[in-house]
Amino acid sequence: MNVELKRLMRHQRYVIERDSAKGVLHYGSEEELYKMSPCGIYEYEQEQREAEYRALLRKAMYLALRDLKEWNPYWYELVTAYYLTESQPTLAQLGARYGVTRQAVTKSLRKGMTVLRCHANMHLRELMNE
């Protein structure tokens, strides 16, 4: 039995030396393997988590836009017209549409975006806690 154990240990040392000479790495845990993997397994998992987070951000933004529409339809229309349309109007054009000055449009946009950010952060926290 003792001879068999010595033979196994010698073979194990040989395998480790042979692998290190050929550039084969041994890892202590599966997480280390993913981090160092040339295949990008760790990066793939990280991309999946980021995609899930982006989906939560989108959902939170939609909920915040819904809240803004209910709370102040004027700010909702300004924000959607200025940021979410393909043909982005100028502040002067938005002011002419609503009968206010460019400066008033800027202030209203700033207030609307502040409220939108607060509501989006609130909804994001709620979605992440689910």
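Residues numbered from 1 in each chain as written. Predicted model: local features only at pLDDT ≥ 70, side-chain atom pairs only at ≥ 80, totals over all residues. Heavy atoms only, no water.

### Some remarks on the overall build of the chain
Here comes step 1: From N to C terminus, the chain includes six helices and zero strands.
Here comes step 2: For the chain, the sequential pattern of α-helices and β-strands runs α-α-α-α-α-α.
Here comes step 3: With 130 residues in all, the chain has 23% of them scored as buried.
Here comes step 4: In the chain, 56% of the contacts between residues at least 6 apart in sequence involve partners at least 24 apart.
Here comes step 5: Counting every atom, the chain has about 10,300 Å² of accessible surface; 55% of that belongs to carbon and sulfur. (Helix = DSSP H or I, 4+ residues; strand = E, 2+ residues; numbered from the N terminus. Buried < 20%, exposed > 50% of the residue type's maximum accessible area, 1.4 Å probe, protein only. Contact = heavy atoms within 4.5 Å. Areas by Shrake-Rupley, 256 points an atom, 1.4 Å probe, with all protein chains shown as cover.)

### Some details on the environment of Glu77
Here comes step 1: Following the sequence through the fold, Glu77 ends up in helix 4 (residues 73–83).
Here comes step 2: Judged by its relative accessible area of 38%, Glu77 falls in the partly exposed class.

### Section: the packing of aromatic side chains
Here comes step 1: Within the structure shown, the criterion is met by three aromatic pairs.
Here comes step 2: Measuring from ring centre to ring centre gives 5.6 Å for Trp71 and Trp75, while their planes differ by 55°; the resulting arrangement is tilted.
Here comes step 3: On the basis of relative accessibility, which here comes to 13%, the residue Trp75 falls in the buried class. (Phe/Tyr/Trp six-rings, centres within 6.5 Å; stacked < 30°, edge-to-face > 60°.)

### Some words on the pattern of salt bridges
Here comes step 1: Using the criterion set out here, one finds two salt bridges in the structure.
Here comes step 2: Linking Arg7 and Glu4 is a salt bridge whose minimum nitrogen-to-oxygen distance equals 2.9 Å. Remark: Glu4 and Arg7 occur in helix 1 (residues 2–21); sequence separation between them is three residues, near one turn of the helix.
Here comes step 3: Between Asp67 and Arg66 there is a salt bridge; the shortest N-O distance is 3.4 Å. (Salt bridge = Lys/Arg side-chain N within 4 Å of Asp/Glu carboxyl O.)

### Some details on the packing of helix 4 against helix 5 (residues 91–98)
Here comes step 1: Contact geometry for helix 4 and helix 5: axes closest at 11 Å, N-to-C directions at 145°. The way helix 4 lies across helix 5 gives a crossing that is right-handed. For the pair formed by helix 4 and helix 5, the contact residues are Tyr74, Glu77, Leu78, Ala81 and Tyr82 on the first element and Leu91, Leu94, Arg97 and Tyr98 on the second.
Here comes step 2: Across the contact of helix 4 with helix 5, the residue classes tally to seven nonpolar, no polar and two charged. (Axes fitted to C-alpha atoms, helices over the stretch in contact; angles between N-to-C directions. Left-handed = near helix turned anticlockwise from the far one by under 90°. Nonpolar A, V, L, I, M, F, W, Y, C, P; charged D, E, K, R; others polar.)

### Here's the deal with the nonpolar core
Here comes step 1: Grouped together as the largest cluster of nonpolar side chains are 15 residues, with contacts concentrated most on Leu68, Leu78, Val79, Leu94, Val105, Leu109 and Leu116.
Here comes step 2: Mapped by element, the contributors of at least two residues to this core are helix 3 (41–71), helix 4, helix 5 and helix 6 (102–129).
Here comes step 3: Examining the composition of this core, we find that six residues originate from one element, helix 6, more than from any other. (Core = buried A, V, L, I, M, F, W, Y, C linked by side-chain atoms within 4.5 Å.)

### Re a nonpolar patch on the surface
Here comes step 1: A cluster of nonpolar residues, Tyr53, Leu57 and Met128, forms a patch on the protein surface that exposes about 270 Å² of accessible area.
Here comes step 2: Relative to the assigned elements, Tyr53 resides in helix 3.
Here comes step 3: Residue Tyr53 is classed as partly exposed on the basis of its relative accessible area, which comes to 37%. (Patch = residues over 30% accessible without salt bridge, like charges linked within 9 Å, V, L, I, M, F, W, Y side chains within 5 Å.)

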